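# Structural characterization, general
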Amino acid sequence: MNPYILATLLFGLGLGTTITFASSHWLLAWMGLEMNTLAIIPLMAQHHHPRAIEATTKYFLTQAAAAATLLFASVTNAWLTGQWEIQQIAHPLPSTMITLALALKIGLAPLHAWLPEVLQGLDLTTGLILSTWQKLAPFALILQIPPSSSTLLIILGLTSTLIGGWGGLNHTQLRKILAYSSIAHLGWMVLVLQFSPSITLLTLLTYLVMTFSTFLLFKLNKATNINTLAMSWSKAPTLTALTPLILLSLGGLPPLTGFMPKWLILQELTKQGLAPTATLAALSALLSLYFYLRLSYAMSLTISPNNLMGMAPWRFPSTQLTYPLAASTAMTVCLLPLTPGISALLTP
């Protein structure tokens, strides 16, 4: 892709998210989301491959449906209450519709079916943008709107954690596994949203760091399925040794960074008297942990010749910058001891 066009599209992505962040009016927020969608579509379709075009079309249709629902809900809210302020939705009907539209935008279950299919059709770099940056603008709106009903958010959160765990069990394609991982993490964020928005924000930040390091790791190894991953020990042995730590941090095992948000969320849910919800969420984390352990086993506990049928990759040196991967890996593995300080910052 022409570097000028690429720069323009990336600028459009940044501008769309910034407009949504800064807006207090529903029309402006909707405009920012639309700019975001239109800027990423050429990036998704840049490889002229049928799978990429199919993924782009699916993404465009789902995002257009979500944006239309959002616009309809905000117009309904203006009709019922006479104002366009984001933080002042008094009526439960537009509030519920907006929550569901934003859930479709980020891929919360049961509105998640598009996400694994779209991510599977993209290259790892665009997939990284879709899994991280594209979640920010809708999440900013979800954090601002007063929840219409606590039951809706808890149902969305629990369904997402369970489907995110179940869905990834039977897959060998890494991008689909990461899509289900994304759904499960978003479910954890939504579960605690109404009780402690600051913990939701912390969970989002840790999810962004962990997903960033995982995508960069797969990109460095040029891996898109488990078989390719099993051959990576010959290319980057040190990184292969660190990979289980990154994956288990995504799964939420102590003493890694990923344990921190899960710990705080379970604590908050128990404080609110939702012990059954917390128990279900903790059990669903075991499902996710299983497929992270599968990846860890395939990558670092099998050596060639092994029972995984995979072609030996060309051992060209990678041209990818390793500083972002090194920094994000360190953060993914080592931030848990800072939990008391972070908790002190989060408490109002």
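Remember, it's a predicted structure, so these values are computed and weren't measured experimentally. (Residues numbered from 1 in each chain as written. Predicted model: local features only at pLDDT ≥ 70, side-chain atom pairs only at ≥ 80, totals over all residues. Heavy atoms only, no water.)

### What about the overall build of the chain?
In terms of helices and strands, the chain carries 16 helices and 0 strands. The C-alpha radius of gyration computed for the chain amounts to 20 Å, which stays within 12% of the reference 20 Å derived for 348 residues, consistent with globular compactness. Burial status across the chain gives 53% buried among its 348 residues. Here the analysis covers contacts within the chain between residues at least 6 apart in sequence; of these, 79% occur between residues at least 24 apart. Roughly 15,400 Å² of accessible area belongs to the chain as shown, and the carbon and sulfur atoms make up 72% of that amount. (Helix = DSSP H or I, 4+ residues; strand = E, 2+ residues; numbered from the N terminus. Rg over C-alpha atoms; globule rule 2.2 N^0.38 Å. Buried < 20%, exposed > 50% of the residue type's maximum accessible area, 1.4 Å probe, protein only. Contact = heavy atoms within 4.5 Å. Areas by Shrake-Rupley, 256 points an atom, 1.4 Å probe, with all protein chains shown as cover.)

### Some thoughts on a nonpolar patch on the surface
Judged by side-chain polarity, Met1, Ile5, Leu6 and Leu10 come together as a nonpolar surface patch covering roughly 340 Å² of accessible area. Mapped onto the elements of the fold, Met1 is located in the segment before helix 1 (3–22). (Patch = residues over 30% accessible without salt bridge, like charges linked within 9 Å, V, L, I, M, F, W, Y side chains within 5 Å. Salt bridge = Lys/Arg side-chain N within 4 Å of Asp/Glu carboxyl O.)

### Description of the environment of Thr125
Structurally, Thr125 can be placed in helix 6 (residues 124–131). Assessed through its relative accessible area of 36%, Thr125 is described here as partly exposed. Residues Thr125 and Met44, spaced 81 residues apart in sequence, show a C-alpha to C-alpha distance of 9.6 Å.

### Structural notes on unusual backbone geometry
In this structure, the amide linkage connecting Ala109 to the following residue, Pro110, adopts the cis form with an omega of 0°. Note that Pro110 resides in the loop between helix 4 (92–106) and helix 5 (114–120). The linkage connecting Pro254 with the following residue, Pro255, adopts the cis geometry, with an omega of 5°. One non-glycine residue, Lys222, lies in positive phi territory at about 50°. Relative to the elements of secondary structure, Lys222 occurs in the loop between helix 10 (197–220) and helix 11 (226–230).

### Description of the domain arrangement of the chain
The domains assigned to the chain are domain 1 (1–142) and domain 2 (149–347). Just the C-alpha atoms count here: the centres of domain 1 and domain 2 sit 23 Å apart. Listed as interface residues are 27 residues of domain 1 and, on the opposing side, 30 residues of domain 2. Taking both sides of the interface into account, the surface hidden between domain 1 and domain 2 amounts to around 2,500 Å²; carbon and sulfur atoms contribute 80%. Interface area lost by domain 1 to domain 2 is led by Gln120, Leu124 and Phe139, which between them contribute 27%. Inspection of the domain 1/domain 2 interface yields 1 salt bridge. With its nearest N and O atoms 3.4 Å apart, the salt bridge here joins Glu117 to Lys176. Where domain 1 touches domain 2, the interface holds 6 residue pairs in polar contact (both at pLDDT 80 or more). Elements with a minimum of two residues in the side of domain 1 that touches domain 2: helix 4, helix 5, helix 6 and helix 7 (133–144). (Domains from an automatic or database assignment. Buried area = accessible area lost by both parts, 1.4 Å probe. Polar contact = N/O pair within 3.5 Å; in protein donor to acceptor, adjacent residues only side chain to side chain.)

### Focus: the packing of aromatic side chains
Under the definition given, this model contains 3 aromatic pairs. Aromatic side chains Phe259 and Trp263 sit 5.7 Å apart centroid to centroid with 15° between the ring planes, which places their arrangement in the stacked category. Placement of the pair is Phe259 and Trp263 together in helix 13 (residues 259–271), with a separation of 4 residues, close to one helical turn. Assessed through its relative accessible area of 25%, Phe259 is described here as partly exposed. Note that Lys262 overlies the ring of Trp188, its terminal NZ or CZ placed 5.2 Å from the centroid. (Phe/Tyr/Trp six-rings, centres within 6.5 Å; stacked < 30°, edge-to-face > 60°. Lys NZ or Arg CZ within 6 Å of the ring centre and 35° of its normal.)

### Looking at the nonpolar core
Membership of the largest hydrophobic core comes to 47 residues, with the highest contact counts inside it found for Ile40, Tyr59, Val118, Leu130, Phe218 and Leu295. With sequence-adjacent residues up to four places away left out, Ile40 is seen in contact with Leu13, Tyr59, Ile129, Leu130 and Gln134. Grouped together as the second largest cluster of nonpolar side chains are 30 residues, Leu70, Leu152, Leu156 and Val190 included. (Core = buried A, V, L, I, M, F, W, Y, C linked by side-chain atoms within 4.5 Å.)

### Description of the packing of helix 6 against helix 10
Two numbers describe how helix 6 lies on helix 10: the axes approach to 10 Å, and their chain directions differ by 175°. Between helix 6 and helix 10, the interaxial angle falls into the category roughly antiparallel. Taken together, the residues of helix 10 that come into contact with helix 6 (itself represented by Leu124, Thr125, Gly127, Leu128 and Ser131) are Tyr207, Thr211, Phe212, Phe215, Leu216, Phe218 and Lys219. Of the residues contributing to the contact of helix 6 with helix 10, the split by class is 7 nonpolar, 4 polar and 1 charged. (Axes fitted to C-alpha atoms, helices over the stretch in contact; angles between N-to-C directions. Parallel < 35°, antiparallel > 145°, perpendicular 65-115°, else oblique. Nonpolar A, V, L, I, M, F, W, Y, C, P; charged D, E, K, R; others polar.)

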